[in-house]
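Residue-level structural notes
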Amino acid sequence: NAGVTQTPKFRVLKTGQSMTLLCAQDMNHEYMYWYRQDPGMGLRLIHYSVGEGTTAKGEVPDGYNVSRLKKQNFLLGLESAAPSQTSVYFCASSLDRPSYEQYFGPGTRLTVT
Amino acid sequence: AQKVTQAQTEISVVEKEDVTLDCVYETRDTTYYLFWYKQPPSGELVFLIRRNSFDEQNEISGRYSWNFQKSTSSFNFTITASQVVDSAVYFCALSEARSNYQLIWGAGTKLIIKP
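Computed from a predicted structure; not experimentally measured. (Residues numbered from 1 in each chain as written. Chains lettered and ligands numbered in written order. Predicted model: local features only at pLDDT ≥ 70, side-chain atom pairs only at ≥ 80, totals over all residues. Heavy atoms only, no water.)

We now examine the overall build of chain B. Scanning chain B from terminus to terminus reveals 0 helices and 12 strands. Scaling as 2.2 N^0.38, a compact globule of 115 residues should have a C-alpha radius of gyration of about 13 Å, and chain B matches this with 14 Å. For the C-alpha atoms alone, the extent of chain B along its principal axes is close to 45 × 25 × 20 Å. In chain B, buried positions account for 47% of the 115 residues. Taking the contacts inside chain B whose residues are at least 6 apart along the sequence as the reference set, 56% of them involve residues at least 24 apart. Only carbon and sulfur atoms are counted for the fraction: they give 48% of the accessible area of chain B, which is about 5,600 Å². (Helix = DSSP H or I, 4+ residues; strand = E, 2+ residues; numbered from the N terminus. Rg over C-alpha atoms; globule rule 2.2 N^0.38 Å. Buried < 20%, exposed > 50% of the residue type's maximum accessible area, 1.4 Å probe, protein only. Contact = heavy atoms within 4.5 Å. Areas by Shrake-Rupley, 256 points an atom, 1.4 Å probe, with all protein chains shown as cover.)

The following block contains the structure:
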């Protein structure tokens, strides 16, 4: 039982490049989330999903897209990376709505130069 | 306005001391949830506790205890007899209906336990 996994763990991009972060969970959770964490701040929600085939915007969605084609996977895409997107990205999942305990992946450290 | 305030940016204590981390929240909902998460130096986020607004009983789990006071909108976290392994960043978070129950995070308190 791996819980929530994220790939890759580290990535360096040049401005304008694109990439996709993959999140996978094996707990059959309905809800999945993408957060970013910047120094001195709490986590901020980028996008989330309430079930397979659904996505919704969070607090800071600009510059990101997401897809949830399969229940266990939640992908975060950056179409044209900017230095402001340098951050640590966390994926999480919960059995039901966000007020349930959220289980987090190990994070992806992304640097955009 | 901050909905979750963790006024202590960093706390440093010597091992075996007791330490309290403060969390003050703001909400107009009558039903809401409060959380504490731990982020050790390795970076992962670890769930510690979840309380709903109708349960003001204090919680104790080993050396950890939580004091929930609606009258002061606070949900403070105390570590008794701190250990070096308690060194981490601790986050308080709020989940309220008017925000679709999405977690609203405080900025975190960095706790340093010196041997």
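Turning next to unusual backbone geometry. Only a minority of non-glycine residues have a phi that is not negative, and only a minority of peptide bonds are not trans. With an omega dihedral of -5 degrees, the bond running from T7 of chain A to P8 of chain A counts as a cis peptide bond. Mapped onto the fold, P8 of chain A is located in the loop between β1 (4-7) and β2 (10-13). The residue A81 of chain B is not glycine, and still its phi comes out positive at about 50 degrees. In this structure, A81 of chain B sits in the loop between β9 (74-79) and β10 (88-96). For A81 of chain B, a relative accessible area of 32% puts it in the partly exposed group. Phi at N100 of chain B is positive, roughly 55 degrees, even though this residue is not glycine. Summarising the element assignment, N100 of chain B is placed in the loop between β10 and β11 (103-105).

To continue, consider the packing of aromatic side chains. Scanning all chains against the criterion turns up 23 aromatic pairs over all chains. A ring pair is formed by F104 of chain A and W105 of chain B, whose centres lie 5.9 Å apart and whose planes are at 80 degrees; its orientation type is edge-to-face. On the criterion of chain membership, the pair formed by F104 of chain A in strand β10 (residues 103-104) and W105 of chain B in strand β11 is interchain, its members lying in two chains. Judged by relative accessible area, W105 of chain B falls into the buried class, the value being 7%. (Phe/Tyr/Trp six-rings, centres within 6.5 Å; stacked < 30°, edge-to-face > 60°.)

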